[in-house]
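# Close look at the chain arrangement
Each chain, letter by letter, is given below.
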Amino acid sequence: LVRLRQRLAGSQGALGRGLLALLSRDRLDEDTWESIEDTLLTADVGVAPTQQLVENLRTRLRVEGGQVDDVRAVVREELLALVNPDLDRRLQISGEDGAPGVVLVVGVNGAGKTTTVGKIARILVAENRSVVLGAADTFRAAAAEQLATWGGRVGVDVVRGDEGADPASVAFRAVEAGARSGVDTVIVDTAGRLQNKQGLMDELGKVKRVIEKQAPVTEVLLVLDATTGQNGMTQARVFGEAVDVSGIVLTKLDGSAKGGIVVQVQRELGVPVKLVGLGEGADDLAPFDAGAFVDALLG
Ligand code: GDP
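Residues numbered from 1 in each chain as written. Predicted model: local features only at pLDDT ≥ 70, side-chain atom pairs only at ≥ 80, totals over all residues. Heavy atoms only, no water.

Convention followed: UniProt positions are given in the numbering used here, feature names are shortened, and annotations may be inferred rather than shown by experiment.
Looking at an unreviewed UniProt entry, the protein chain carries the name Signal recognition particle receptor FtsY, with the source organism given as Nocardioides acrostichi. As its UniProt record puts it under Subunit (unreviewed entry), the protein chain is described as follows: "Part of the signal recognition particle protein translocation system, which is composed of SRP and FtsY." The protein chain has a UniProt comment under Function (unreviewed entry) that states "Involved in targeting and insertion of nascent membrane proteins into the cytoplasmic membrane. Acts as a receptor for the complex formed by the signal recognition particle (SRP) and the ribosome-nascent chain (RNC)."

### Topic: the overall build of the protein chain
As a reminder of what qualifies: Helix and strand definitions follow DSSP, with helices as H or I runs of at least four residues and strands as E runs of at least two, each counted in order from the N terminus. C-alpha atoms define the radius of gyration in this analysis, and the globule rule sets the expected value at 2.2 Å times the number of residues to the power 0.38. Only protein chains enter the accessibility calculation, which uses a 1.4 Å probe; a residue is then buried when its area is under 20% of its type maximum, exposed when over 50%, and partly exposed in between. We call two residues in contact when some of their heavy atoms are within 4.5 Å. Only the protein chains shown count as cover for residues, and the accessible areas themselves come from Shrake-Rupley with a 1.4 Å probe.
Broken down by element type, the protein chain carries 12 helices and eight strands. A globule of 299 residues ought to have a C-alpha radius of gyration of about 19 Å, and the protein chain, at 21 Å, matches this closely. Here the C-alpha coordinates of the protein chain stretch approximately 70 × 40 × 35 Å along the principal axes. With 299 residues in all, the protein chain has 51% of them scored as buried. When contacts within the protein chain are restricted to residue pairs at least 6 apart in sequence, those whose partners lie at least 24 apart make up 76%. Put simply, the protein chain shows about 13,100 Å² of open surface, and 46% of that area lies on carbon and sulfur atoms.

### Here we look at the pattern of salt bridges
In plain terms, the rule: The salt bridge definition used is simple: a Lys or Arg side-chain nitrogen within 4 Å of an Asp or Glu carboxyl oxygen.
Per the stated rule, a full pass over the model turns up 12 salt bridges. A salt bridge links Asp283 to Arg122; the shortest N-O distance between them is 2.8 Å. With Asp283 in the loop between β7 (273-277) and β8 (285-287) and Arg122 in helix α6 (residues 113-126), the pair connects residues that are 161 residues apart, well separated along the chain. Judged by relative accessible area, which is 32%, Arg122 ranks as partly exposed. Members of the salt-bridge network, linked through shared partners, are Arg60, Glu77 and Glu78.

### Brief notes about the nonpolar core
Under the convention used in this document: Take the buried residues of types Ala, Val, Leu, Ile, Met, Phe, Trp, Tyr and Cys, join any two whose side-chain atoms come within 4.5 Å, and each joined set is a nonpolar core.
Judged by nonpolar contacts, the single largest core of 95 residues is most densely connected at Val75, Ile187, Ile211 and Leu250. For this core, the leading source of residues is helix α5 (residues 71-83), giving seven residues. Discounting residues that sit within four places of it in the chain, Ile187 has contacts with Val103, Val105, Val117, Ile120, Ala121, Leu124, Val131, Val132, Leu133 and Gly134.

### Some points on the packing of aromatic side chains
Basically, it comes down to this: Each aromatic pair joins two rings of Phe, Tyr and Trp (for Trp, the six-membered one) with centres within 6.5 Å, and gets the label stacked for planes under 30 degrees apart, edge-to-face for over 60, and tilted for any other angle. To sit over a ring, a charge needs its Lys NZ or Arg CZ within 6 Å of the ring centre and within 35 degrees of the ring normal.
Applying the stated criterion to the full structure yields one aromatic pair. Residues Phe288 and Phe293 carry aromatic rings whose centres are separated by 5.1 Å and whose planes lie at 55° to one another, so their mutual orientation is tilted. According to the relative accessible area criterion, Phe288 is buried, its value standing at 6%. In this structure, Arg153 packs its charged tip against the face of Trp150, placed 4.3 Å from the ring centre.

### Let's talk about the pairing of strand β6 (residues 247-251)
Test applied: Two strands pair if DSSP finds at least two bridges between them. Orient the strands so they point away from the viewer, and a crossover whose first-strand-to-second-strand path over the helix runs clockwise is right-handed.
Here β6 lies mainly inside the structure; five of its five residues are buried. Residue alternation in β6 divides its side chains into two sets, Gly247, Val249 and Thr251 and Ile248 and Leu250, and both sets are buried. When strand β5 (residues 217-225) meets β6, the two strands line up parallel, connected through five bridges. Pairing of Asp225 across the sheet is with Thr251, part of β6. For the crossover from β5 across helix α10 (residues 229-242) to β6, the handedness is right-handed. Alignment of β6 against β7, held across three bridges, turns out to be parallel.

### Brief notes about unusual backbone geometry
Not every positive phi belongs to a glycine, and Asp97 is a case in point at roughly 55°. Mapping Asp97 onto the fold places it in the loop between α5 and β1 (101-106). The residue Lys252 is not glycine, and still its phi comes out positive at about 60°. Looking at the secondary structure, you find Lys252 in the loop between β6 and α11 (261-269). Classification of Lys252 by relative accessible area gives partly exposed; the value is 33%.

### Details of the site of the ligand
Spelled out, the test is: We call a residue near a given molecule or strand whenever any one of its heavy atoms falls within 4 Å of it. Any pair of N or O atoms that falls within 3.5 Å is considered a polar contact. Within protein, one atom must be able to donate a hydrogen and the other to accept it, and sequence-neighbouring residues count only if both atoms are side-chain atoms. Polarity classes work like this: nonpolar for Ala, Val, Leu, Ile, Met, Phe, Trp, Tyr, Cys and Pro, charged for Asp, Glu, Lys and Arg, and polar for all others, with Gly in that last group.
As a structural note, the neighbourhood of the ligand is formed by 18 residues, with Gly110, Lys113, Thr114, Thr115 and Glu280 the closest of them. Note that an oxygen atom of the ligand is positioned 2.7 Å from one of the backbone N or O atoms of Gly110. At 2.6 Å, a side-chain N or O of Thr115 approaches an oxygen atom of the ligand. Surface burial for the ligand is 81%, taken as the share of its 580 Å² of free accessible area covered by protein chains. If one sorts the elements of the shell around the ligand by residue count, α6 sits on top with four residues. By residue class, the composition of the shell around the ligand is three nonpolar, nine polar and six charged.

Set out below in structure tokens:
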């Protein structure tokens, strides 16, 4: 959490600082409220949530003939409500009846899927869980290689196929290997070709069906690059329609001043942000904590 705060302080903190500066003006006139809206929209909070937040703030900060004592506390409460602290953000990493938990990781190329798979494996191994990785991104030659490197670093087996092999068959073999050796969790990295919704649905649907001949998929994580803003939101929608996403991983939050995307993507997909990527290193993945996130925003 300390790291989250430090990483966000430089970039995300700008949103909170900007808001607080505007809200602390003596007179909250229409121009000021417009600037507040702009600040929120620029940070990717999204149109509907921005309008709701501004309306709530207008109501709560309108005090006859005076100022609300603790503007920061009001803003904190309202931001926290938007991020929704009550969502269950635990990863479903355990299977039932002796089967491994299966985590399917999806998202477009470059979003940080492979890196995230490696980082999750590292966290699970540190918790003494046994893990097998499946390199079902068979379209990018470097992807399996990259995952194998992570496997070596973390000390877990990686099941891979030849370049161009059927992703579903690699996923099948990974879950098969995991089940045979009785591991706790199999994490499957998938290909992230930007294609149409139908193609994506067919491909991810097949991967999921084939896996589920052996064990239920317990978690489908959508990896989203926080720096891509509205493009990222469009991708999120396509993936959300193609497959039953159960959690979101927001990567590169260390390099983005646009933390508002958390609000937008949760609302759009109806699933929680479960993890955040805060850098390229092996330890730079953290569970998403709504309170810590809002505190980091407010600097
Ligand atoms: P994939 O194509 O979705 O598998 O993406 P990769 O895992 O190959 O990541 C693409 C690039 O993003 C790599 O250079 C990663 O090191 C980088 N990356 C991944 N996650 C993060 C993050 O949280 N922060 C930063 N700064 N870079 C990241």
